[in-house]
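Analysis of the macromolecular model
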Amino acid sequence: MAWTQAGNFSLTTVWAIVYGTQRNGFDPFAGNSFGAWHPNGARIGFEQEIIDHVYANAPADNGNPAWYTCRYCNWEYPIARCQIDHVVPWEDYSLTMTTSRPISGALALQVWAGCNDPANLAVACDSCNASKGNRAATAVWVAARVQLANQNHGF
Ligand SMILES: [Zn+2]
């Protein structure tokens, strides 16, 4: 799926995953105000349907059921060690849309949906996700994670 900065296509994608054809009652803010939610406030949330979708479409592993390959260190881990990572961090994504606060509900919805488009999500091990934090991955960081994981036979 294409991932668009404008978020309109992503909105359709994410909505379809979460609600199918039932597009009512959608609340991406989980009780947070727009001002608190954007861009340095409460962390953006996932819907369980999106998490399930990412795991269901994750690259095939080498035979261990419910083990997944970390996008960054390239080692496999049981699902309990795996997390869903925003490839482009939601703060960065949000700031590409606007720096004014608070933002409108329509724009906040686009930010939420664009960040949570499966094209912007990846399975990462808990160690890599914690190391990555709220930053975008750089080639130097990825190379260091791969080297460290190979030395330690995974994290
Ligand atoms: Zn990893």
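Residues numbered from 1 in each chain as written. Predicted model: local features only at pLDDT ≥ 70, side-chain atom pairs only at ≥ 80, totals over all residues.

Turning next to helix 7 (residues 139-152). The end-to-end C-alpha distance of helix 7 is 20 Å, a good match for the 20 Å that 14 residues give at a rise of 1.5 Å each. After helix 7 finishes, the residue His153 shows a positive phi value of roughly 55°. (Helix = DSSP H or I, 4+ residues; strand = E, 2+ residues; numbered from the N terminus. Expected span 1.5 Å × (residues − 1).)

This part covers helix 4 (residues 90-97). When we look at burial in helix 4, the residues that qualify are Trp90, Tyr93 and Ser94. All buried residues of helix 4 lie within an arc of 100° about the axis, which places them on one face of the element. (Buried ≥ 20, exposed ≤ 12 C-beta atoms within 10 Å, placed from the backbone. Arc of directions from axis to C-beta.)

On to the nonpolar core, then. In terms of nonpolar packing, the biggest core is built from 23 residues, with Cys70, Cys73, Tyr77, Val123, Ala124, Cys125 and Cys128 touching the most fellow members. Elements with a minimum of two residues in this core: helix 3 (48-56), helix 4, helix 5 (105-115) and strand 4 (121-125). Not counting residues within four places of it along the chain, the set of residues in contact with Cys125 comprises Cys70, Cys73, Trp75, Tyr77, Arg81, Cys82 and Phe155. (Core = buried A, V, L, I, M, F, W, Y, C linked by C-beta atoms within 7 Å. Contact = placed C-beta atoms within 7 Å.)

A few words now on the environment of Pro89. Looking at where Pro89 falls in the secondary structure, it is placed in the loop between strand 3 (82-86) and helix 4. Once residues within four sequence positions are removed from consideration, Pro89 is found in contact with Asn134, Arg135 and Ala136.

It is worth stressing that arrangement in space is one thing and function is another; only the former is reported here.
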